[in-house]
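# Chain and residue survey
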Amino acid sequence: MPIRFDYHMHTRLSDGKNSHEEMVEEAIKKGFNEIGFSDHFCIKGPNSWAMEADGIPKMVSEIDAVQKKYDGKIRILFGIEVDYFPDKEDEIAQVLKQYSFDYVIGSVHFLDDWNYDSDSAHKRYTEFSNDYLYQWYFAELQKAASSGLFDTMAHPDLIKKFQVWPESAQNGLFRTTAEIFADAGVAFEVNTSGIDRPCGEFFPGKEFLTELFNADIPVTLGSDSHKAEQIGRYFNDAKTMLKELGYPNLVRYRKRERINEPL
Ligand SMILES: [Zn+2]
Ligand SMILES: [Zn+2]
């Protein structure tokens, strides 16, 4: 039996709506064998949507409690979604090394101090061309991948979230980024939440995904659930897409080691 897993979900410890227990109950109901919690950790706080470093011990105890309670029913992993800042690499590393994560997801939600991911009113988008935003975003993503801090790169083309489509073809940028992922030894996730965002498609989109596949970058799956009912959203479509592209496996994690899971 294939192992069904979802590695990207948030609880009330960051910006999710449900408790750990509610998420676990729903995952079991949906037939998942393995889930990983990945609440936000942002070293530049405080933010209403993220934990600071002093919130992580609470996450450890919450996960420990559900692991004990649901032992034998579902495997529960200790992941985390970490905001990347190029000027904070050492501080982030200092925090992360204190814990025994199953995996660490790296995210670029900020360009300098602009949280473009939360700028749904488009306050600052109009200051830049979309091509410029792609260059900027992908430069940050490349630095994040190369930092050595992360196992998986989250929603790798999140810059398109609010329908920010490049004015010109970006295949070269996608290819370079995929090559940098390969050198860095990171995986990426197909983040299925994009379907429910204004962009209306998975992160990453087809063209970037093809470059990632061509560069042999391992792939995992995350729903980016902020509510229990979102667990595993659109996973069948994502798996079909990856199989058609030629991916033989997804990757799972245990203590930051990869495990191949046949698709
Ligand atoms: Zn994110
Ligand atoms: Zn997330």
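The coordinates are above.
About the cut-offs
Residues numbered from 1 in each chain as written. Chains lettered and ligands numbered in written order. Predicted model: local features only at pLDDT ≥ 70, side-chain atom pairs only at ≥ 80, totals over all residues. Heavy atoms only, no water. Helix = DSSP H or I, 4+ residues; strand = E, 2+ residues; numbered from the N terminus. Rg over C-alpha atoms; globule rule 2.2 N^0.38 Å. Contact = heavy atoms within 4.5 Å. Lys, Arg positive; Asp, Glu negative; His and termini not counted. Charge placed at Lys NZ, Arg CZ, Asp CG, Glu CD. Donors = N, O, S within 2.8 Å, 3.2 Å for Na, K, Ca; no water. Buried < 20%, exposed > 50% of the residue type's maximum accessible area, 1.4 Å probe, protein only. Pairing = 2+ DSSP bridges. Right-handed = clockwise from strand over helix to strand, strands pointing away. Arc of directions from axis to C-beta.

## Brief notes about the overall build of the protein
If you tally the helices and strands in the protein, you get seven helices and ten strands. For the protein, whose C-alpha radius of gyration is 17 Å, the value lies close to the compact-globule estimate of 18 Å for 263 residues. Counting only C-alpha atoms, the protein reaches 50 × 40 × 35 Å along its principal axes. Sequence separation of at least 24 residues holds for 75% of the intrachain contacts in the protein that already meet a minimum separation of 6. If the 30 positive side-chain charges of the protein are averaged to one point and the 44 negative ones to another, these points end up 6 Å apart.

## Let's talk about the coordination of the zinc ion (ligand 1)
Tetrahedral coordination by four donors sets the ideal angle at the metal to 109.5 degrees; octahedral coordination by six donors sets it to 90 or 180 degrees. At 2.1 to 2.2 Å from the zinc ion (ligand 1) lie its protein donor atoms, namely E81 (OE), H109 (NE2) and H155 (NE2). Every donor residue of the zinc ion (ligand 1) comes from the same chain, spaced as E-x27-H-x45-H. Here the zinc ion (ligand 2) and the zinc ion (ligand 1) are spaced 3.5 Å from one another, each receiving a donor from E81. On the criterion of sequence distance, the pair formed by H109 in the loop between β5 (103–107) and α4 (130–146) and H155 in the loop between β6 (152–153) and α5 (171–184) is long-range, its members being 46 residues apart. When its relative accessible area of 3% is taken as the criterion, H109 is described as buried.

## Topic: the pairing of strand β2 (residues 34–37)
Residues of β2 alternate between two faces, with E34 and G36 on one and I35 and F37 on the opposite face, all of them buried. Strand direction decides the pairing type here: strand β1 (residues 5–6) and β2, joined by two bridges, are parallel. Pairing of F5 across the sheet is with E34, part of β2. This β-α-β element, β1 to helix α1 (residues 20–29) to β2, shows right-handed connectivity.

## Remarks on α1
By the burial criterion, the buried members of α1 are H20, M23, V24, E26 and A27. Down the axis of α1, the buried side of the element spans an arc of 165°, and every buried residue falls inside it. Those residues of α1 that are buried are in contact with β2, α2 (56–69) and β4 (75–83). Two residues or fewer past α1, G31 is found with a positive phi of approximately 85°.

Just geometry here; none of it tells us what the structure is for.
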